[in-house]
Amino acid sequence: MTLEPTEAGGWDALSRRRLLQLTGAGAGAMALGSLTAGTASAEEAGTADRAGRPRPELLNGSTFPVGLWVPPPAEQTTLARYREVTDAGFTFATSVEQPQTVEFQRQVLRLAEQAGLKWIATDERLINIYNQQPPEQWGRVVESVVADYRRYPAWAGFYLWDEPNAGVFTNIGKVAARIRRAAPTKLPYVNLFPTYANARQLGAPTYEAYLDRYVDEANPEYMSYDHYSVLKPDGVTPDFFINLAAVRNKSLATGLPTWAFILSCEHNRYRLPSEADLYWQINVNLAYGAKGIQYFTYWTPKYDEYIEALISKAGERTPLYYWAQKINRTHLATIGAELLPLVSETVTHANEPNLPAGAAGFTADAWTAGAQGSAVIVSRFRAGHGNQPHRWLLVTNGSSSATATSSLTLGAGVRADEFRPTSREYTPVRTSGGVLPVQLAPGMARLFRLTKSH
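Summarised in this report is the structure supplied together with it. These figures come from a predicted structure and were not determined experimentally.

Relative to the helices and strands, Gln294 resides in strand β11 (residues 293-296). C-alpha separation for the pair Gln294 and Trp69, spaced 225 residues apart in sequence, amounts to 7.4 Å. When residues no more than four places from it in sequence are discounted, the contact partners of Gln294 are Gly67, Phe92, Tyr189, Ser224, Trp259, Ala260, Phe261 and Ile262.

Per the stated rule, a full pass over the model turns up 22 salt bridges. Here Glu84 and Arg317 are joined by a salt bridge, their closest N and O atoms 2.6 Å apart. Pair noted here: Glu84 is in helix α3 (residues 79-87) and Arg317 is in the loop between β12 (306-308) and α13 (319-339), with a separation of 233 residues, a long-range link. Glu217 is the salt-bridge partner of Arg213, the closest N and O atoms lying 2.8 Å from each other. Of this pair, Arg213 and Glu217 are both found in helix α10 (residues 207-218), four residues apart, which corresponds to roughly one turn of the helix.

In this section: the sheet that holds strand β5 (residues 187-191). Spatial ordering of the open sheet is given by β2-β3-β4-β5, a layout of four strands whose pairing is parallel. At either end of the open sheet lies a strand with only one pairing partner, and these are β2 (92-94) and β5. For this sheet, the mean inter-axis angle between neighbouring strands, taken without regard to orientation, is 30°. Direction of pairing for strand β3 (residues 118-121) relative to strand β4 (residues 155-162): parallel, over a ladder of three bridges. Bridge assignment links Ile120 to a residue of β4, and that residue is Gly157. Relative to β3, helix α4 (residues 102-115) is tilted by about 170°, and along the sheet it contacts β3 and β4.

Further remarks concern the nonpolar core. Core analysis: the largest hydrophobic core is formed by 126 residues, its most contacted members being Phe90, Tyr210 and Tyr295. With residues near it in sequence (within four places) discarded, Tyr210 still touches Glu163, Pro164, Ala166, Phe169, Leu192, Phe193, Leu202 and Ala204.

Another point: the packing of helix α8 (residues 169-182) against α10. It is the contact of α8 with α10, at a shortest axis distance of 8 Å, that shows an interaxial angle of 35°. In terms of crossing hand, the pair formed by α8 and α10 is right-handed. Here Phe169, Thr170, Ile172 and Gly173 of α8 come into contact with α10, specifically with Tyr210, Arg213, Tyr214, Glu217 and Ala218. For the contact of α8 with α10, the class distribution of residues is five nonpolar, two polar and two charged.

Definitions and limits used
- Residues numbered from 1 in each chain as written.
- Predicted model: local features only at pLDDT ≥ 70, side-chain atom pairs only at ≥ 80, totals over all residues.
- Heavy atoms only, no water.
- Helix = DSSP H or I, 4+ residues; strand = E, 2+ residues; numbered from the N terminus.
- Contact = heavy atoms within 4.5 Å.
- Salt bridge = Lys/Arg side-chain N within 4 Å of Asp/Glu carboxyl O.
- Pairing = 2+ DSSP bridges.
- Axes fitted to C-alpha atoms, helices over the stretch in contact; angles between N-to-C directions.
- Core = buried A, V, L, I, M, F, W, Y, C linked by side-chain atoms within 4.5 Å.
- Buried < 20%, exposed > 50% of the residue type's maximum accessible area, 1.4 Å probe, protein only.
- Left-handed = near helix turned anticlockwise from the far one by under 90°.
- Nonpolar A, V, L, I, M, F, W, Y, C, P; charged D, E, K, R; others polar.

Following this line, the structure appears as structure tokens:
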């Protein structure tokens, strides 16, 4: 199924931007693109070298980051509700829909600490800093805001911008640099546009140029982006793999980890995801090297166009909650964590009758000499650099609706062990003639460790 972008440049004029417009969140920041801040040092401009910089705590652990947008609304801000979030396997959250006052954000931080959740605070003083304070005052404002949150253990960073135009990257970098100076282990949170934004929205002629400018001008610690791929009734956005490949390429070129959003709320042209749809979105992003997964949304927004997410508008758990709980706690907490320190080496699509735009077809090499059967995504990872005897192979079903029955022919002298999420151990796989059989339920993936004997 193929849909033409709207005149505004995205599916449904970009659903996240629409939600921000409905809530009125972030409206004060819209004037940032017209600001000029004069001259500044490299650190103040956000262009200082990332080498030697302390890593934000959300990027510096062995726990796979699983985040969400649209947490419980203000009237449902209780310990029980935030424990419900962590019971579903989420590790952090942020919100632009709730009150952006320091009093409310501290209330959430107290509950998040008790629930075992990290919270990226959204403070109105930072949201409005760009057009309410002169640039020479930004450092003072940031220091004041940081002082209000420093003593809260659940505080993990500050929300700065969602889907920014490239024209604001320099100023985002300046504010982020001041946050790093005042709180080196806290994350300045920014989330980027998808490829289906148009050039006017991106502020750049191409998506690759948009990513280039973000890295060069904002000097980030990571890249987060959203691309909602599952369309009604059963389609996929035609540029999904173009987006995946572009972000992966930039990540490998810069060493920046990437976080990706998945769709978990039916609205407008986006279908109600099945359990297999959730798995498929997550596994495809893992296949392309994602180091964090975020859900849009957790709670169903109150507006008419949003139909159902993990928690309904009435506050009831939907089937999506239980599916996400299983995926987060048994899949991302295990396979995701296993992939977290590894580096993406190759991503190819095998046995695809019509190769998706942006995808690379399977080619034989010394690790995998052949692929037969159903369509699968074959992703290879390595640990660090140099000539090492191990590689990791994630094999993902190319479909969220059909079982995949495939086989991979291993290279000469290569043996395979499969990762078992329940025990978090690898067990040997019996192969016949070097052929590794792989059967996958819709949307599912399996992880193998390959070892060369010579």
